[in-house]
Amino acid sequence: MNRTDPAGGTPDPLAGELAGLAADAPPALLDRIAARRLHVPGPLEGLQVAFTDHGVAYLRAGMDDREFAAAFRARFARPLLPADRPPAGLLSALRTGRLGPLRLDLRGLSDFEAAVLRAAAQIPRGQTRPYAWVARHAGRPKAVRAAGSALGRNPVPLLIPCHRVTRSDGTLGDYVFGSEAKERLLRAEDVDVEEVTDLARRGVRLVGSDTTGIVCYPTCADARRITPGHRRGFGDLAAARAAGYRPCLHCRPGDALPA
């Protein structure tokens, strides 16, 4: 009921304005303020995602609902509301390891963090690259440790495949979901983890073909086609070049292209 003016009984304009302020926010405005959340199936147990009107913003595994909501709010300072369905392309991206048309909301990252994630996103399924490669392709070849820190803060692991990044000594290294999960993800992509581990133990960082004179990272698709009798191992690119080999144009173990 409208408030009336005590003198004349006419409706009070202020009452109408206050009633308007009490109305529900339009859905479009709500989606700009809040993020949506839901549980999704994927390659790891207990996956939850949060997404905004700009795309998927956060993905974590192994958290209960309260932990996930608290971690999201601590990082993004936005409320979370339940979602009815996942954003288009999410389930396919989790199943195939390829983003396709899925949008990501990576606002709030520094320029360097964004460059590191863009570099990691270039690593093909079933292949790995060292942190030094990521740093080079992010435009800061000396910032290897910083690149590792940026990957450790990756808000959307699995979608940006930081599990495909290894230590520069060739070992698999750490992962936001643990080393066992990293190994399981790589095996699911047909990475020969035993071979990678053995090469790292022997100090072999690159493998080349003595028929083509090209040297690659061991998991490169081109390296996998080298027959055992023609494989040559090298500790670094300088040693390979000294032996007359040139870097592969696909996995690019040499200098990075401009960022």
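Residues numbered from 1 in each chain as written. Predicted model: local features only at pLDDT ≥ 70, side-chain atom pairs only at ≥ 80, totals over all residues. Heavy atoms only, no water.

Per an unreviewed UniProt entry, the protein goes by O-6-methylguanine DNA methyltransferase and derives from Actinomadura luteofluorescens.

Trainee: How should I be thinking about the overall build of the protein in this particular structure?
Mentor: Across its full length, the protein holds eleven helices and ten strands. Every one of the 259 residues in the protein was classed for burial, and the buried ones make up 42%. Summed over its atoms, the accessible surface of the protein is roughly 14,200 Å², and 54% of this surface lies on carbon and sulfur atoms. (Helix = DSSP H or I, 4+ residues; strand = E, 2+ residues; numbered from the N terminus. Buried < 20%, exposed > 50% of the residue type's maximum accessible area, 1.4 Å probe, protein only. Areas by Shrake-Rupley, 256 points an atom, 1.4 Å probe, with all protein chains shown as cover.)

Trainee: Just checking my understanding: could you explain the packing of aromatic side chains for this structure?
Mentor: Ring pairs (aromatic) are described by centroid distance and by the angle formed between their planes. Summed over the entire model, instances satisfying the criterion amount to six aromatic pairs. Here R129 stacks its cationic end above the ring of W133, 5.6 Å away from the centre of that ring. Over the ring of F112 we find R140, and its NZ or CZ is 4.3 Å from the ring centre. (Phe/Tyr/Trp six-rings, centres within 6.5 Å; stacked < 30°, edge-to-face > 60°. Lys NZ or Arg CZ within 6 Å of the ring centre and 35° of its normal.)

Trainee: What is the right way to read unusual backbone geometry from this model?
Mentor: Negative phi is the rule for most residues except glycine; trans is the rule for most peptide bonds. The backbone of L158 shows a phi angle near 80 degrees, a positive value even though the residue is not glycine. Mapped onto the elements, L158 comes out in the loop between α7 (144-152) and β6 (165-166). Of note in this structure, R252 is not a glycine but carries a positive phi near 50 degrees. Structurally, R252 can be placed in the segment after β10 (246-247).

Trainee: I'm lost on helix α5 (residues 111-121) in this one. Help?
Mentor: Along an α-helix, residues three or four positions apart point the same way, because every turn accommodates 3.6 residues. Within α5 the residues assigned to the buried category are F112, E113, A115, V116, L117, A119 and A120. Those residues of α5 hidden inside the fold are in contact with α6 (131-137), α7 and β6. (Contact = heavy atoms within 4.5 Å.)

Trainee: It is not clear to me how the sheet that holds strand β7 (residues 206-209) should be interpreted in this structure. Could you clarify?
Mentor: Paired through their backbone hydrogen bonds, the strands of a sheet run either parallel or antiparallel. Reading across from one edge, β9-β7-β8-β10 is the order of the four strands in this open sheet, with mixed pairing throughout. If you trace the sheet from one side to the other, it starts and ends with β9 (231-234) and β10, each paired once. Bridge analysis of strand β8 (residues 214-216) against β10 gives two bridges, and the strand direction is parallel. Pairing of V215 across the sheet is with P247, part of β10. (Pairing = 2+ DSSP bridges.)

Trainee: Teacher, can you tell me more about the pattern of salt bridges here?
Mentor: If the charged atoms of two oppositely charged side chains come close together, the side chains can form a pair. Using the criterion set out here, one finds 14 salt bridges in the structure. With its nearest N and O atoms 3.9 Å apart, the salt bridge here joins E189 to R125. Of this pair, E189 sits in the loop between α8 (179-188) and α9 (193-201) while R125 sits in the loop between α5 and β5 (129-130); the two residues are 64 residues apart in sequence, bridging distant segments of the chain. Among the ionic contacts, a cluster of salt bridges with common partners joins R125, R164 and E189. (Salt bridge = Lys/Arg side-chain N within 4 Å of Asp/Glu carboxyl O.)

Trainee: Even after reading the chapter, I still don't get the nonpolar core, so can you show me in this structure?
Mentor: Side chains of nonpolar character tend, in soluble globular proteins, to be buried together. L151, L158 and L159 are the most contacted members of the largest nonpolar core, which has 55 residues in total. For this core, the leading source of residues is α5, giving six residues. Non-local contacts of L151, meaning those with residues more than four positions away in its chain, are made with V116, L117, A120, Y131, V134, C162 and V165. Counting eight residues, the second largest nonpolar core, distinct from the first, contains A50, A69, A71 and F72. (Core = buried A, V, L, I, M, F, W, Y, C linked by side-chain atoms within 4.5 Å.)

Trainee: I keep staring at the packing of α5 against α7 and nothing clicks. Help me out?
Mentor: Helix packing geometry: the angle between the two helix axes and the distance between the axes. Between α5 and α7, the least distance of the axes is 9 Å, while the angle of their chain directions is 80 degrees. In terms of axis orientation, α5 runs roughly perpendicular to α7. Residues F112, E113, V116, L117 and A120 of α5 pack against A146, A147, A150 and L151 of α7. Residue composition of the contact of α5 with α7, by class: eight nonpolar, no polar and one charged. (Axes fitted to C-alpha atoms, helices over the stretch in contact; angles between N-to-C directions. Parallel < 35°, antiparallel > 145°, perpendicular 65-115°, else oblique. Nonpolar A, V, L, I, M, F, W, Y, C, P; charged D, E, K, R; others polar.)

Trainee: Honestly, the sheet that holds strand β2 (residues 47-52) in this entry has me stumped. Any pointers?
Mentor: Taken in spatial order, the four strands line up as β3-β2-β1-β4 in an open sheet, and their pairing is mixed. Unpaired on one side and paired on the other, β3 (55-61) and β4 (80-82) mark the two borders of the sheet. Within the sheet, the average angular offset between the axes of one strand and its neighbour, ignoring direction, is 30 degrees. With three bridges connecting them, strand β1 (residues 35-40) and β4 associate as parallel partners. Looking at β4, one finds that R37 is bridged to P82. Across the sheet, helix α3 (residues 65-76) lies against β1, β2, β3 and β4, angled at about 130 degrees from β3, the strand it touches most.

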